[in-house]
Amino acid sequence: MTSAALRSRAWKLLEMVTTPLLPSDYLDLVSPLRAGADLRGRIEAVHPETSDAATIVIRPGRGWRGHTAGQYVRIGVDVDGVRLWRAYSVTSPTNRQDGRVTITVKAIPDGKVSNHLVRRAKPGTLIQLDQATGDFVLPEAKPAKVLYLTAGSGITPVMGMLRDTEFNDVVMVHCAPQPQDVIFRNELHDLVADKKLQLTEVHTATDGMLDIARLDELVPDWAERETWACGPAGLLDAAEEHWSEYGMPERLHVERFRPSIVVAGDGGEVTFSVTGKTVDADGATPLLDVGEEAGVLMPSGCRMGICFGCVTPLKAGVVRDLRTGEITEAEPGVLIQTCVSAAAGPCDIER
Amino acid sequence: MTAIDPTAHLTAEQIEELGRELDAIRDEVIAGRGEKDAAYIRKVISAQRKLELVSRGVLLFSFFPPAWLVGTAGLSVAKIMDNMEIGHNVLHGQWDWMRDPKIHSTTWDWDHVSPADQWKHSHNELHHTYTNVLGKDNDLGYGIMRVDEDQKWHPFHLGQPLWNFINACFFEYGIAAYDLELGKNLNKRRRKDPEFRARAKAVGRKIRKQVLKDYVIHPLLSGPSFLPTLAATFTANLVRNVWTHSVIMCGHFPEGVQVFERRSIKGETRGQWYLRQMMGSANISGSKAMHFMTGNLSHQIEHHLFPDLPSNRYAEVAVKVRALFDKYELEYVTGPLPKQVFSAWRKVFRLSLPNKKPKGTTPAREQELVAA
Ligand code: FES
């Protein structure tokens with residue numbers, strides 16, 4: 001018997017000892033970051049960067065496979081007892097000696113997770129992790145000239161790149177409302193002092209939004225540069241248009257943080273993605289009824305919100321709890337009770 | 001069924017108002033759910049696991065009598081925690097709001113021979129929706145007992161104290177059989193039904209796993225303590241069964257709890273539904289430890305009103321609920337465990353004998369909650 005087979009035998013035996021739990025349920029009590037556990041991380045420190053941004057130092061579990069500069073990681077944080085998942089760019093270099101990774105988070109108004117991380121997260125807290133992912137990364141072959149075009153927290157993936165890989169000729173144009181809002185400002189200025197970076201700060205509070213047409217003046221040779229851009233949708237849209245106009249969209253790499261902001265309304269188009277049905281629903285009819293009406297097989301029980309026999313994954317969109325009026329947005333792992341939830345906008349129910 | 005409807009003094013408007021007041025209590029708790037509650041359930045789960053681990057560890061040396069005693073006591077408590085404060089409540093979806101896939105009604109499994117999904121159907125759905133409705137809520141007597149003077153007596157009921165005692169000792173098996181609707185499904189035709197067979201198989205699987213774990217593997221691991229460990233796990237299961245059975249009997253059986261007719265729930269409003277939960281449940285009074293060990297089912301009335309609120313909140317909810325009972329002049333049935341258990345058992349004995357048809361109970365609407 002191979003050692004792998006032997007190990008799986010032993011594991012089976014152990015499962016018989018712990019049933020209905022799994023051996024890992026017990027191991028998690030003592031060693032949540034061990035190899036073989038669900039991937040988690042432990043917050044080890046929180047360093048303020050600006051008045052509303054902070055860098056979170058995370059020790060990832062043993063299963064962490066590392067990242068490539070520019071990638072992001074999804075983390076699951078318990079905020080007021082509720083597990084919420086968000087994606088943040090990794091800001092640490094890939095060769096950090098102590099094996100920690102950092103993310104840098106800017107608190108956005110009403111952002112549940114970002115505010116929690118920046119203002120309340122405590123060292124020692126366990127968080128859930130996914131492996132790093134994303135293709136906003138540098139190419140294998142080093143480009144001769146690089147332009148980083150960033151705004152606000154859009155600097156975070158680029159900082160991961162700057163810290164990771166040195167280039168001979170790097171220009172950065174970064175927008176932030178005021179000097180004190182520039183995340184990593186000291187470090188950027190150190191790089192400038194060491195002649196490793198040419199930096200243009202655009203202070204939008206005084207200079208106004210960056211007009212992409214000004215690029216010619218700020219970075220005259222922009223067209224010769226391989227460009228990585230990250231920031232609000234407006235800036236990225238303008239950049240994509242600009243690069244296309246000059247016929248070189250392939251030289252621009254963009255990273256969008258928030259693809260679409262869901263707006264909660266009354267009712268919307270409901271998709272039952274497994275069955276492949278789409279119907280219009282108002283904001284008052286329980287999704288259970290909507291589904292059944294559409295001929296979708298919906299699990300149900302009490303039909304009054306007490307038995308949890310109808311819980312179903314919400315894949316996309318927003319729903320409203322008909323009892324409390326509370327809005328729930330789709331996130332991986334979010335389940336809703338269809339008998340007391342109505343569409344609050346377009347949504348996708350996994351049925 | 002009592003001849004007098006204890007809710008007869010309420011008007012339809014009052015009942016709906018009561019419903020709104022209860023909704024407000026519920027909303028308040030939901031709005032206040034948070035980090036503390038999450039920390040609570042995590043702490044309980046981790047304590048349960050550690051206690052079980054340590055107890056099983058101690059039982060490895062159970063040939064030594066003090067070790068046997070300590071290990072058995074610990075394992076009994078661990079099993080009760082798993083069953084009551086954790087299993088029952090997680091499977092109710094009380095902790096689903098945390099969105100933690102490890103503590104979720106759709107993924108949780110308990111150390112119990114009834115598979116979670118089957119139990120959720122018969123308990124969360126049937127029992128909690130149709131609480132105390134004769135013929136709809138089979139928790140009333142589990143189909144083997146007569147629980148109300150209006151139910152037809154049959155010589156079979158003479159044995160019900162005995163059935164109830166046996167059920168108490170092997171309660172988890174009783175529940176599994178009940179969730180399978182074994183009585184009804186064992187006739188020739190239904191036995192073959194593929195859906196029933198699949199469910200029976202699932203029960204079989206759980207029984208096999210649990211028996212293997214409790215009565216083979218752990219005793220074997222104990223080596224020279226094989227027999228004492230076997231006896232210890234058996235005892236722990238027995239203790240857990242008798243305890244949960246007692247607690248659960250206190251929820252709906254004691255004197256003063258109302259039973260309803262099937263037709264009384266036709267077209268029931270939210271307020272009426274709430275009222276039925278209030279009149280159909282009974283509490284157990286006692287210390288914090290008592291509430292904890294009953295999985296907070298000592299707050300059965302509150303649990304039935306709000307089955308999905310986190311159990312650690314029932315104590316504070318109870319104060320407000322009780323005030324409503326007073327306000328609407330309704331009887332809040334509660335008492336210490338021994339008293340409630342005694343009361344429930346007395347009923348079991350009393351109803352094992354035939355009784356005269358209660359006078360004055362014409363098929364009028366005295367049990368209907370439409371009081372106006
Ligand atoms: S059907 Fe019972 S909670 Fe939705």
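Residues numbered from 1 in each chain as written. Chains lettered and ligands numbered in written order. Predicted model: local features only at pLDDT ≥ 70, side-chain atom pairs only at ≥ 80, totals over all residues. Heavy atoms only, no water.

In the annotation of an unreviewed UniProt entry, chain B is listed under the name Fatty acid desaturase and assigned to Streptomyces qaidamensis.

Under the annotation held in an unreviewed UniProt entry, chain A carries the name Stearoyl-CoA 9-desaturase and is attributed to Streptomyces qaidamensis. In the Cofactor (unreviewed entry) part of its UniProt record, chain A is described as follows: "FAD". (UniProt positions renumbered as here; feature names shortened; annotations may be inferred.)

Caption draft 1: Representation of the overall build of chain B. When you go through chain B residue by residue, the secondary structure sums to 15 helices and zero strands. The C-alpha atoms of chain B give a radius of gyration of 21 Å, which matches the 21 Å a tight globule of 372 residues would have. Its C-alpha atoms put chain B at 70 × 50 × 40 Å along the principal axes. Here chain B holds 372 residues, and the buried ones make up 55% of them. As displayed, chain B offers around 15900 Å² of accessible surface, 66% of which is attributable to carbon and sulfur atoms. (Helix = DSSP H or I, 4+ residues; strand = E, 2+ residues; numbered from the N terminus. Rg over C-alpha atoms; globule rule 2.2 N^0.38 Å. Buried < 20%, exposed > 50% of the residue type's maximum accessible area, 1.4 Å probe, protein only. Areas by Shrake-Rupley, 256 points an atom, 1.4 Å probe, with all protein chains shown as cover.)

Caption draft 2: Broad picture of the overall build of chain A. Scanning chain A from N- to C-terminus turns up nine helices and 17 strands. By its C-alpha atoms, chain A is 65 × 55 × 40 Å across when sized along the principal axes. Across the 351 residues in chain A, those meeting the buried criterion constitute 48%. The contacts of chain A with a sequence gap of at least 6 include a subset with a gap of at least 24, amounting to 64%. Surface exposure of chain A reaches about 16700 Å², of which carbon and sulfur atoms provide 50%. Where the 36 positive side-chain charges of chain A centre and where its 48 negative ones centre are 9 Å apart. (Contact = heavy atoms within 4.5 Å. Lys, Arg positive; Asp, Glu negative; His and termini not counted. Charge placed at Lys NZ, Arg CZ, Asp CG, Glu CD.)

Caption draft 3: Fine view of the state of the cysteines. All names here are of chain A. Evaluation of the coordinates by the stated rule reveals zero disulfides over all chains. Take Cys230: it sits in no disulfide, and the sulfur closest to it among the cysteines is that of Cys175, at 12 Å. Given a relative accessible area of 0%, Cys230 falls into the buried group. (Disulfide = S-S within 2.5 Å.)

Caption draft 4: Summary view of the domain arrangement of chain A. One can read the domain layout of chain A as domain 1 (1–30), domain 2 (40–129), domain 3 (146–256) and domain 4 (267–349). The gap between the C-alpha centroids of domain 1 of chain A and domain 2 of chain A is 31 Å. (Domains from an automatic or database assignment.)

Caption draft 5: The pattern of salt bridges, seen in detail. Residue and element names in this part refer to chain B. Taken as a whole, this structure holds 53 salt bridges over all chains when the rule is applied. Glu255 serves as the salt-bridge partner of Arg350, at 2.6 Å between the closest nitrogen and oxygen. Placement of Arg350 in helix α15 (residues 337–350) and of Glu255 in the loop between α10 (226–252) and α11 (270–279) is noted, with a sequence separation of 95 residues between them. The class of Arg350 is partly exposed, set by a relative accessible area of 34%. (Salt bridge = Lys/Arg side-chain N within 4 Å of Asp/Glu carboxyl O.)

Caption draft 6: Local environment of the side chain of A:Asp348. All names here are of chain A. For Asp348, the location among the structural elements is in strand β17 (residues 341–349). For the buried Asp348, which has no salt bridge, the nearest side chain bearing the opposite charge is Lys315, at an N-O separation of 6.3 Å. Beyond its immediate chain neighbours, meaning those up to four positions away, Asp348 contacts Thr271, Ser273, Pro313, Leu314, Lys315 and Ala316.

Caption draft 7: Representation of the interface of chain B and chain A. Counting residues at the interface gives 41 residues for chain B and 33 residues for chain A. For the chain B and chain A pair, buried surface summed over both sides reaches about 3100 Å², with 60% attributable to carbon and sulfur atoms. The largest share of the area that chain B buries against chain A comes from B:Arg49, B:Arg99 and B:Lys102, three residues that together contribute 22% of it. Here chain B is connected to chain A by five salt bridges. A salt bridge links A:Arg323 to B:Asp308; the shortest N-O distance between them is 3.8 Å. The interface formed by chain B and chain A includes six residue pairs in polar contact (both at pLDDT 80 or more). When residues of the side of chain B that touches chain A are traced back to their parent elements, those giving at least two are α1 (12–32), α2 (35–59), α4 (116–129), α9 (194–221) and α11 of chain B. (Buried area = accessible area lost by both parts, 1.4 Å probe. Polar contact = N/O pair within 3.5 Å; in protein donor to acceptor, adjacent residues only side chain to side chain.)

Caption draft 8: Region of interest: the confidence of the model for chain B. Residue and element names in this part refer to chain B. On average, residues of chain B score 92 in pLDDT, and 95% of them reach the 70 mark or higher. For the stretch residues 360–372, pLDDT sits under 50, and the model shows 33 contacts to residues farther than four places along the chain or on other chains. Overall fold confidence (pTM) sits at 0.92, and the ipTM for the predicted complex is 0.89. (pLDDT = per-residue confidence, 0-100.)

Caption draft 9: Fine view of the sheet that holds strand β3 (residues 72–79) of chain A. Residue and element names in this part refer to chain A. Overall, antiparallel pairing links the six strands, which are arranged β4-β3-β6-β1-β2-β5 in an open sheet. Looking along the sheet, the strands with just one partner apiece sit at the ends: β4 (82–89) and β5 (101–106). Between one strand axis and the next, the sheet turns by 40 degrees as a mean value, whatever way the strands run. In this structure, β3 lies alongside β4, joined through eight bridges in antiparallel fashion. When the bridges of β4 are listed, Asp78 appears paired with Arg83. (Pairing = 2+ DSSP bridges. Axes fitted to C-alpha atoms, helices over the stretch in contact; angles between N-to-C directions.)

Caption draft 10: Region of interest: the packing of aromatic side chains. Residue and element names in this part refer to chain A. By the definition in use, this model includes 14 aromatic pairs over all chains. What links up through ring pairs into an aromatic cluster is the set Trp222, Trp243 and Tyr246. Over the ring of Phe167 we find Lys142; its NZ or CZ atom is 5.9 Å from the centre of that ring. Its end group placed over the ring of Phe184, Arg163 keeps NZ or CZ at 4.8 Å from the ring centre. (Phe/Tyr/Trp six-rings, centres within 6.5 Å; stacked < 30°, edge-to-face > 60°. Lys NZ or Arg CZ within 6 Å of the ring centre and 35° of its normal.)

Caption draft 11: Expanded view of the packing of helix α2 (residues 23–30) of chain A against α2(B). Between α2(A) and α2(B), the least distance of the axes is 11 Å, while the angle of their chain directions is 105 degrees. For the element pair α2(A) / α2(B), the angle class is roughly perpendicular. Along its contact with α2(A), which presents A:Asp25, A:Tyr26 and A:Leu29, the element α2(B) presents B:Ser46, B:Arg49, B:Lys50, B:Glu52 and B:Leu53. When grouped by side-chain class, the residues that make up the contact of α2(A) with α2(B) number three nonpolar, one polar and four charged. (Parallel < 35°, antiparallel > 145°, perpendicular 65-115°, else oblique. Nonpolar A, V, L, I, M, F, W, Y, C, P; charged D, E, K, R; others polar.)

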